[in-house]
Amino acid sequence: MADSSNDVPVRFFCTAGNGMESFLVDELKRKVAAQDVIQLQGKVIFSSPATINNIIKLKSAERLFLLLNYDTPLKLPTHINQAKACSLLLSKLTGEKNELERVAMLWIRLQGELNPRAIDSEVLPSAVGVKRRKDNNGQSLVLRDKCHGEPCESKRKILEHGNPDETAMDQQPKLQSSMDQITFRICCKCSGSVARFFSTQDVSKVLGAGLTTLLGWRVDLKNPHLEINVNLTDDYCLQGIPLTKFPLANRDYVQSTGLRSTVAWAMASLAQIQPESLVVDPMCGVGTILIEAAKEHNGAYFLGIDINEEQLVKANGNVAYAHLEDRIQVLKASSLVLPLHSASVDAVVCDLPFGRKFGTKMDAAINLPLILSEMTRVLRVGGILVLLLSPQLSCLIKRLFIQEHTNSVEEKDSQTEQQDCQSDTTTFTKQGHNDGSASTQDTERLHGQSRSNPSFSLRHEKTFRVSLGAIDGLIHKYVKSSPCLE
Ligand SMILES: C[S@@+](CC[C@H](N)C(=O)[O-])C[C@H]1O[C@@H](n2cnc3c(N)ncnc32)[C@H](O)[C@@H]1O
């Protein structure tokens, strides 16, 4: 996509949970042919020839922004005075008037493409300054104008008397004239040396005053047209304007939320699901992973199993809400004895219970060999197993596995994991295993149990560490490389 006013490629960035960046880069390249991709921690900058309506369908991103500015970090000499520092900050962040106006216009245009008719949408109440709602007859009502309490003349024309089929792109020239009536607020994050010099309020004040002087825009903290996000770190300065009110990670097809949707999607993306595949989640909870997988893979079939009736009710509700009843079924059973034939499943995906919510319900550490054994038994040779584990469970599994061959990827993984396991061993010694973590005794007992364990027919492929909010999880991917030993 290019900015039609000057043919400059439109630059976007998405935020991503820690550890999700590589999934996002991969998805951007695959689905929206992203170009000039820059991967940062927690963010990915890109251009794309795709339409904005396709870009907002990304599944591994948290939020989508129109890029305003990506620049080298602000370097402040040690003994600089406050006034000089503010002036350096201002010139770093504001740039050219024309460029700022161009990006603001582009943002308005993209809002129009996202929501061509509903100027009153959740996304666009602010883009042209008027909030609308439908009256009882479905007619749009102008609620409020953000310029001067009264609808601005140019906007009143567009919104009240304008052609309802007119898109924001058509409205662009009219909007240009009201550019100076734009209101904004600044949302700022600072880290590293900049944070030692400026608070986020300092940055907001300096930039706020600068934009007002340069463009005539006004600050409105409560309900602005534009929210300018600023991120200052030791590595870069990044500014952007969010393109959607709600994060892309919010799924409008999910009623009861479970695992983070982006992580669930990432797990499904590792399962190599093909048309006609049968995919099983033997501890499905409310069915998040299966729903993410089914939305992505139209021709595949899914089975969710859980021991908890309440979870299954929610899972069934979610499946119906997402209109996936024809391809997802759920049933009550224990993952310790799966009601499935051996070698009948193409992929198993599973988010094992751990952490505060599920940690006490079952001793995953003790049952791990049995659960693994069952998951491996039902997988066909060549089938994929994707597990989400706590760092403790991840270490336990590694201790259960005797890796016959190591390749460079595995070596790299095992280095990261070795650190986890070393720090976990300390945790185990301090806390015992009542918190769901594993002691050395546990490991030895599990090892004894697992000598004839079918998990030895699994080949470990890759591990990803992802943030689950308060805690991290480890996604392990395995391939079943040989039949299970009976
Ligand atoms: C971490 S939660 C899964 C959450 C799920 N990914 C979601 O998004 O809702 C683990 C699930 O395992 C289930 N569970 C615990 N022990 C089980 C067992 N023996 N057999 C089957 N399910 C079990 C719990 O009821 C819980 O729903």
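In case you missed it, the structure is sitting above this.
None of the values given here were measured: they were computed from a predicted structure.

(A) Broad picture of the packing of aromatic side chains. Taken as a whole and judged by the stated rule, the model has 6 aromatic pairs. Taking the centre distance of 5.6 Å and the plane angle of 25° together, the rings of Phe 12 and Phe 46 count as stacked. Within this pair, whereas Phe 12 is found in strand E3 (residues 11–15), its partner Phe 46 is found in strand E5 (residues 43–47), the two being separated by 34 residues in sequence. What makes Phe 46 buried here is its relative accessible area of 0%. Over the ring of Tyr 253 we find Lys 295; its NZ or CZ atom is 4.9 Å from the centre of that ring. Across the ring face of Phe 464, the terminal group of Lys 462 is positioned such that the distance to the ring centre comes to 5.5 Å.

(B) Inspection of the sheet that holds strand E12 (residues 237–242) at higher detail. The 8 strands are arranged E4-E5-E3-E6-E12-E11-E9-E10 in an open sheet whose pairing can be described as mixed. Two strands close off the open sheet at either side, each with one partner strand: strand E4 (35–40) and strand E10 (218–219).

(C) Up close: unusual backbone geometry. In this structure, Gln 272 is a non-glycine residue whose phi angle is positive, near 50°. By the secondary structure assignment, Gln 272 is in the loop between helix H9 (261–270) and strand E13 (278–281). When its relative accessible area of 43% is taken as the criterion, Gln 272 is described as partly exposed. One non-glycine residue, His 323, lies in positive phi territory at about 55°. Here His 323 is to be found in the loop between helix H11 (309–321) and strand E15 (328–332). Residue class for His 323 comes out exposed when judged on its relative accessible area of 64%.

(D) Highlighting the side chain of Asn 231. Mapped onto the elements, Asn 231 comes out in strand E11 (residues 226–232). Within the local environment of Asn 231, its side chain forms a polar contact with the side chain of Lys 43, the two groups lying 2.7 Å apart. Side-chain polar atoms of Asn 231 contact the backbone oxygen of Lys 189, separated by 3.3 Å. The residues touching Asn 231, leaving out its near neighbours within four places in the chain, are Lys 43, Lys 189, Tyr 236, Cys 237 and Leu 238.

(E) Broad picture of the site of the ligand. Close to the ligand lie 20 residues, the nearest being Leu 259, Val 286, Thr 288, Asp 306 and Asp 351. Thr 288 has a polar side-chain atom sitting 2.5 Å from an oxygen atom of the ligand. A distance of 3.1 Å separates an oxygen atom of the ligand from a polar atom in the side chain of Gln 311. Relative to its free-state accessible area of 600 Å², the ligand is covered by the protein chains to the extent of 94%. Class assignment for the residues of the shell around the ligand results in 11 nonpolar, 7 polar and 2 charged.

(F) Highlighting the packing of helix H1 (residues 21–32) against H9. Taken N-terminus to C-terminus, the directions of H1 and H9 make an angle of 65°; their axes are 11 Å apart at the nearest point. In terms of their interaxial angle, H1 and H9 are classed as roughly perpendicular. Handedness of the crossing formed by H1 with H9: left-handed. Contacts between H1 and H9 involve Phe 23, Glu 27, Arg 30 and Lys 31 on the former and, on the latter, Trp 265, Ala 266, Ser 269 and Leu 270. Here the contact of H1 with H9 is built from residues that sort into 4 nonpolar, 1 polar and 3 charged.

(G) Fine view of helix H3 (residues 82–94). Between its first and last C-alpha atoms H3 spans 18 Å; for 13 residues at 1.5 Å apiece the expected length is 18 Å, and the two agree. Ala 85, Leu 89, Lys 92, Leu 93 and Thr 94 are the residues of H3 that are buried. For H3, the elements touching its buried residues are strand E6 (63–71), helix H4 (97–114), helix H7 (192–197), helix H8 (200–215), E11 and E12. With a side-chain oxygen positioned 3.2 Å from the backbone nitrogen of Ala 83, the residue opening H3 is Asn 81. Gly 95 sits one or two residues past H3 and shows a positive phi near 65°.

Reading the values: rules and limits
- Residues numbered from 1 in each chain as written.
- Predicted model: local features only at pLDDT ≥ 70, side-chain atom pairs only at ≥ 80, totals over all residues.
- Heavy atoms only, no water.
- Phe/Tyr/Trp six-rings, centres within 6.5 Å; stacked < 30°, edge-to-face > 60°.
- Helix = DSSP H or I, 4+ residues; strand = E, 2+ residues; numbered from the N terminus.
- Buried < 20%, exposed > 50% of the residue type's maximum accessible area, 1.4 Å probe, protein only.
- Lys NZ or Arg CZ within 6 Å of the ring centre and 35° of its normal.
- Pairing = 2+ DSSP bridges.
- Polar contact = N/O pair within 3.5 Å; in protein donor to acceptor, adjacent residues only side chain to side chain.
- Contact = heavy atoms within 4.5 Å.
- Near = heavy atom within 4 Å.
- Areas by Shrake-Rupley, 256 points an atom, 1.4 Å probe, with all protein chains shown as cover.
- Nonpolar A, V, L, I, M, F, W, Y, C, P; charged D, E, K, R; others polar.
- Axes fitted to C-alpha atoms, helices over the stretch in contact; angles between N-to-C directions.
- Parallel < 35°, antiparallel > 145°, perpendicular 65-115°, else oblique.
- Left-handed = near helix turned anticlockwise from the far one by under 90°.
- Expected span 1.5 Å × (residues − 1).

Don't take any of this as a statement about function, it's just geometry.
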